[in-house]
Each structure stands twice: as C-alpha cells, then as structure tokens.
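Listed below are the residues making up each chain.
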Amino acid sequence: MGRLSWRLSEVTDVRHENARVVTLALQVPDWDGHLPGQHVDVRLTAEDGYQAERAYSIASAPDGSRVELAVERLDDGEVSPYLAGELRRGDQLELRGPVGGYFVWEPDRGGPLLLVGGGSGVAPLMAMVRHRAATGSQVPTRLLYSSRSLEDVIFREELERLDAAGDGLTVTHTLTRAQPPGWTGYARRIDAVMLEEVGWRPGERPLVYVCGPTRLVEAVAGQLVALGHDPARVRTERFGPTGVP
Amino acid sequence: MGGFISRGFRGRRRAGAEQAARLPPGQYAESGFPVLTAGPTPRVDLADWRLKVEGLVRNPQEWTWEEAHALPGSSFEGDIHCVTRWSKLGTSFAGVSVDTLLDAAEPLPEASHMVAFCYGGYTTNLPLEDVRGGKAWVVWEHEGKPLPAEHGGPARLLVPHLYFWKSAKWVAGLRLLDHDAPGFWESLGYHNRGDPWREERYWGD
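Here the residue numbers are simple positions, counted from 1 along each chain's written sequence. Numbering of ligands from 1 and lettering of chains from A proceed in the order in which they are written. Selection of residues for local features in this predicted model requires a pLDDT of at least 70, selection of side-chain atom pairs for listing and counting requires 80 or more, and totals for whole chains, interfaces and linings are taken over all residues.

Draft legend 1. Quick look at the overall build of chain A. Helix and strand assignments follow DSSP, with helices taken as H or I runs no shorter than four residues and strands as E runs no shorter than two, numbered in order from the N terminus. Helix and strand counts for chain A come out as five helices and 11 strands. Atoms counted for the radius of gyration: C-alpha only. Globule rule: 2.2 Å times residue count to the power 0.38. Expected size for 245 residues packed as a compact globule is a radius of gyration near 18 Å; at 18 Å, chain A falls within 12% of this value. The principal-axis extents of the C-alpha atoms in chain A amount to approximately 55 × 40 × 35 Å. What counts as a contact is two residues whose backbone-derived C-beta atoms lie within 7 Å of each other. If you take every contact in chain A between residues at least 6 apart in sequence, the share linking residues at least 24 apart comes to 72%.

Draft legend 2. Highlighting the overall build of chain B. Across its full length, chain B holds three helices and 11 strands. Going from the N terminus to the C terminus, chain B shows its helices and strands as α-β-β-β-α-β-β-α-β-β-β-β-β-β. Expected size for 205 residues packed as a compact globule is a radius of gyration near 17 Å; at 18 Å, chain B falls within 12% of this value. Along the first, second and third principal axes, the C-alpha set of chain B runs to 60 × 35 × 30 Å.

Draft legend 3. Just unusual backbone geometry, in detail. For the peptide bond that leads from A:Gly111 to A:Pro112, omega is -5 degrees, which places it in the cis range. For A:Pro112, the location among the structural elements is in the loop between strand E6 (92–99) and strand E7 (113–118). Put simply, B:Gly153 and B:Pro154 share a cis peptide bond, and its omega is 15 degrees. Tracing the sequence through the fold places B:Pro154 in the loop between strand E9 (145–146) and strand E10 (156–158).

Draft legend 4. Structural context of helix H5 (residues 214–227) of chain A. Residues and elements named next belong to chain A. Helix length check: H5 (14 residues) gives 20 Å between terminal C-alpha atoms against 20 Å at 1.5 Å per residue, within 8%. Think of it as a crowd count around each C-beta: if 20 or more other C-beta atoms lie within 10 Å the residue is buried, if 12 or fewer it is exposed, and in between it is partly exposed, with C-beta placed from the backbone throughout. Turning to H5, its buried residues number three or more, namely Thr214, Leu216, Val217, Glu218, Val220, Ala221, Gln223 and Leu224. Against the buried residues of H5 lie E7, strand E8 (141–147), helix H4 (192–198), strand E10 (207–212) and strand E11 (234–238). Looking at the residues trailing H5, positive phi occurs at Gly228, about 110 degrees. Here a helix's expected span is defined as the number of its residues, less one, multiplied by 1.5 Å.

Draft legend 5. Spatial organisation of the environment of A:Pro107. As for its position among the elements, A:Pro107 is in the loop between E6 and E7. Linking A:Pro107 and A:Val129, residues 22 residues apart in sequence, is a C-alpha distance of 9.9 Å.

Draft legend 6. Spatial organisation of the interface of chain B and chain A. Across the contact, 38 residues belong to chain B and 39 residues belong to chain A. By the convention adopted, Pro, Cys, Tyr, Trp, Phe, Met, Ile, Leu, Val and Ala count as nonpolar, Lys, Arg, Asp and Glu as charged, and the other residues, Gly among them, as polar. Here the side of chain B that touches chain A is composed, by residue class, of 15 nonpolar, 14 polar and nine charged.

Draft legend 7. Expanded view of the domain arrangement of chain A. Residues and elements named next belong to chain A. Where each domain begins and ends is defined by an automated method or by a domain database. Taken domain by domain, chain A comprises domain 1 (7–99) and domain 2 (107–238). Put simply, the middle of domain 1 and the middle of domain 2, counted by C-alpha atoms, are 24 Å apart. If you look at the interface, domain 1 gives 13 residues, while domain 2 gives 13 residues. Taken together, the residues that form the side of domain 1 that touches domain 2 break down as seven nonpolar, four polar and two charged.

Draft legend 8. Quick peek at the environment of A:Arg142. All names here are of chain A. Mapped onto the elements, Arg142 comes out in strand E8. Along the sequence, Arg142 and Gln27 sit 115 residues apart, while their C-alpha atoms lie 31 Å from each other. Arg142 has contacts with Leu114, Thr170, Thr172, Val198 and Gly199, leaving out every residue within four places of it along the chain.

Draft legend 9. Layout of the confidence of the model for chain B. Mean pLDDT over chain B works out to 95, with 99% of the residues at or above the 70 mark. Across the assembled chains, the prediction reports ipTM 0.92 with pTM 0.94. Per-residue confidence from the predictor is given as pLDDT, running between 0 and 100.

Draft legend 10. Representation of the pairing of strand E6 (residues 113–118) of chain B in the model. All names here are of chain B. Of all six residues in E6, five are buried, a share of seventy percent or more. Two strands are counted as paired when DSSP detects at least two bridges linking them. In the sheet, E6 pairs with strand E7 (residues 123–127) via five bridges, with the strands oriented antiparallel. Following the sheet pairing, Met114 is matched in E7 by Leu126. Count of turn residues in the E6/E7 antiparallel hairpin: four residues, of which Gly120 carries a positive phi of about 100 degrees.

Draft legend 11. Quick peek at the sheet that holds strand E5 (residues 66–72) of chain A. Residue and element names in this part refer to chain A. Spatial ordering of the open sheet is given by E4-E3-E6-E1-E2-E5, a layout of six strands whose pairing is antiparallel. Both outer strands of the open sheet, strand E4 (51–57) and E5, are each paired with one neighbouring strand and no more. Here the average twist between neighbouring strands, direction ignored, is 40 degrees. Taken together, the seven bridges between strand E2 (residues 21–27) and E5 define a ladder with antiparallel strand orientation. In the strand pairing of E5, Ala25 is matched with Glu68. Every axis in this analysis is a line fitted to C-alpha atoms, fitted for helices over the stretch in contact. Angles between the N-to-C directions lie between 0 and 180 degrees.

Draft legend 12. The sheet that holds strand E11 (residues 171–177) of chain B, seen in detail. All names here are of chain B. Overall, mixed pairing links the five strands, which are arranged E3-E2-E11-E6-E7 in an open sheet. Bordering the open sheet on either side are strand E3 (61–64) and E7, each of which pairs with just one other strand. The sheet shows a mean angle of 15 degrees between the axes of neighbouring strands, direction not considered. Alignment of strand E2 (residues 50–55) against E3, held across four bridges, turns out to be antiparallel. By the bridge assignment, Leu51 is partnered in E3 with Trp63.

Put into structure tokens, the structure is as follows:
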C-alpha cells in the first residue's frame, strides 16, 4: 500500500453545531473514500514554517470526495481553536488519511449494534448511523449518547429524524448536568443499569463501539464486560482533550 | 505540498529550543498521560499473573509476579512518543530489562524477531535488535508508583525509542520467531517498525 499523502482540501461549509462544536465540510481532491469510524490527520502550517498536527474522526458517511469533521473547540488547545474559530468557507486545510482499521463499522459486519458516545465522541458513531441510513441497512442499532445538556447535544435534529425513520435505529440521550423543564429521559452519567436498559443482552452478542472522554470510555467498557459482554466485541476510542481526565 | 500556509494560523504551543530538540517531527509535549486503547481494560489478578518467554528459545521461562520482581531490576528515565502526536518528556518507569528475560530463556541462533502477547489479546511485533542492548523493558512502576491498569498494569512492555503502541500494555509474554509477524496495529494500517524520528506512523511512511 502506498503512503498516505498530504492533500490540500477546501472548506466548502462551516456549520455551528453548538457553542463549542463546528462541523467542517471539506472537498478532498483524489480522496479514496473512508470507512465509518476512521479518522484523518490534519496539519496546520504557520508563516514561519511551524507546524501542528492532530487527528480528527470523520463524522460523515462515505460520500465521494466529501469529508466532514466535527471539531470541538478546546480553550487551551492549539489546533481546535483554529479549526473551530478561524477557518471559513473557501479556506484550504491540509490533511491525510483515512487512518484506523479497527474502530470501523459497515453493514456487512452485522449486529445488533450498540453505540455509546460522550460529547464530541459521537462523531465517528455519527458516521456509522449515517452510513447505515444511506445504505438502507436494517441492522438493529441502539445509540446511547451522553451530553452535559440539551444545548450540548450535537446533530440533535438529524438524530431525531434518524430515530423516527422506523428502520431499526433508536437514539437515547442522557443529560448529565442540566435538563430542560419536563425532561423525562436519563439525567446521570452512563452506568451499568442504563446499559442494561438501553443496550442488548450479552446473549444477543452485540457489536459495541464506545467513543468519548477517557473516563466515560473506561467506565462504560468496564461495565459492559462486568455485565457479561465479550471484551473482543467491545471496541473503544478515546476522544477529546488529551491529558488525564 | 511545500509552501502551503494555513491562513491565520500562528501556533500556541511552540516549544523552547531544548524541548524542541527532544520532540520528533509532528509531536507536541503533553504534561498528562493520555490513555488510548482499542477495547476494555483487562483486569489481571496478581496471583494469576504470569510472564512467559517462549518460542525459539533453549529454556522457555515463566515467572510469577514475585519471581519477576526477584529478577535484577532496571529502570528507564526519558521521553515517550505516541503516534497520536503527544510526547511525554522526562518520565520514568521501573521493572526488568528485556535483556534479562531473554538471557534467562537463551534465544536460539535463528531467533530474529519477537511478538509480545498480552492479556486481552493485543499483540505487537519487534525485531530483536530493537529490544536487545538496553532498549526495552517490562515495567510495573511509573514515576515511583504501581502502573495503573489503564496504562497497562500490572505490567507493560516499554520500548521508548519507538511509537508507544509498541510498548504493549498488559503484557503476558514474549514469543521468539525466525521471521517477522505483524501484530494488531501493524495489521491495521500502522507502520511495521514505528520509529518516531523517521515519522513512521502508517503503512508506506
């Protein structure tokens, strides 16, 4: 296989998903496509040649030369404030990829599927449910998505539409810090009880993908194993700020 | 792609000269210790923990936790580099040198490579020249404390001159071979050797 070469993409759209998260739609020349769950490396270059590289999950389903990244702005970050604050339509962005061959799902891998996301960690899971819908897949899928508040939920309206499509996808939210008046859903961090209520029984042998901050991923993966799920069918990806939780 | 400038990007994490000299290309200094794993963290009871050296050796070895700690100790102080771009400068680990483990097992002359295998099923491959001569350890302490499970405890391999996915967490043993055999990430798009100074991140780099 040849080297993953750096490509100069063009920003075709910038969408503000919430106060901290921006979706960048990119047109990537000669893009070979990607699998849902894969990521790209992004490289920024200053005028004096200084460079900074980071990895971002692809949030869009495979779609020709179009790639969408959901970027959460981290106040002490170096790359995310630029991507989520400075980049505009028509700007160029250097990237290479796709990267990663384990945290990926396609319809022919089957299910049932349990997707567990925290915060902007929902991005690669979004690529999976979007691809599932685009291909007409009926694989039974449950998405459990933890956010701080309703305003923090990314892709909220699109997830409502996908959930309402009646094709075997259900979306369950938990809001850990603030809930709107009349909220009847979960209002705490994901725990074993919630995983039992929302997820599949271990005997149904679901494929599980967990993505979010380290603390969420460690806790959820440990609870799933304790509930009796096969560790080999639980795939994890850490997402968000680096550093200890 | 030479000459491209990211409009409006100035960079906020420029390292000082001394730090910059220690950072391989594309890396930045990270003060924390990020956790990256492909699956759930295995929990290994110390009473059940074993460390093996097997394959092309004259005397296959298997140590218990107490027996491994009775081997001559060895420590590392220096820098580690993760393929996800963070480097941790000036950290330390303690355990036992891989030289000590291999010497006890007496590798056969035809042994040229090894696969580290782990609790949880992870594997990674290394040529013996990358783990011989004081370049690799099996460690159970990080900065003076027991290695936490999410960082590979009870014990992990430590090969600090290569990207950190080679430093396999939850190591259970070393299998010596007369050929190379790509491990988990090496079969999924990541570079077979992973030298950070040559920026060997992915296949073809």
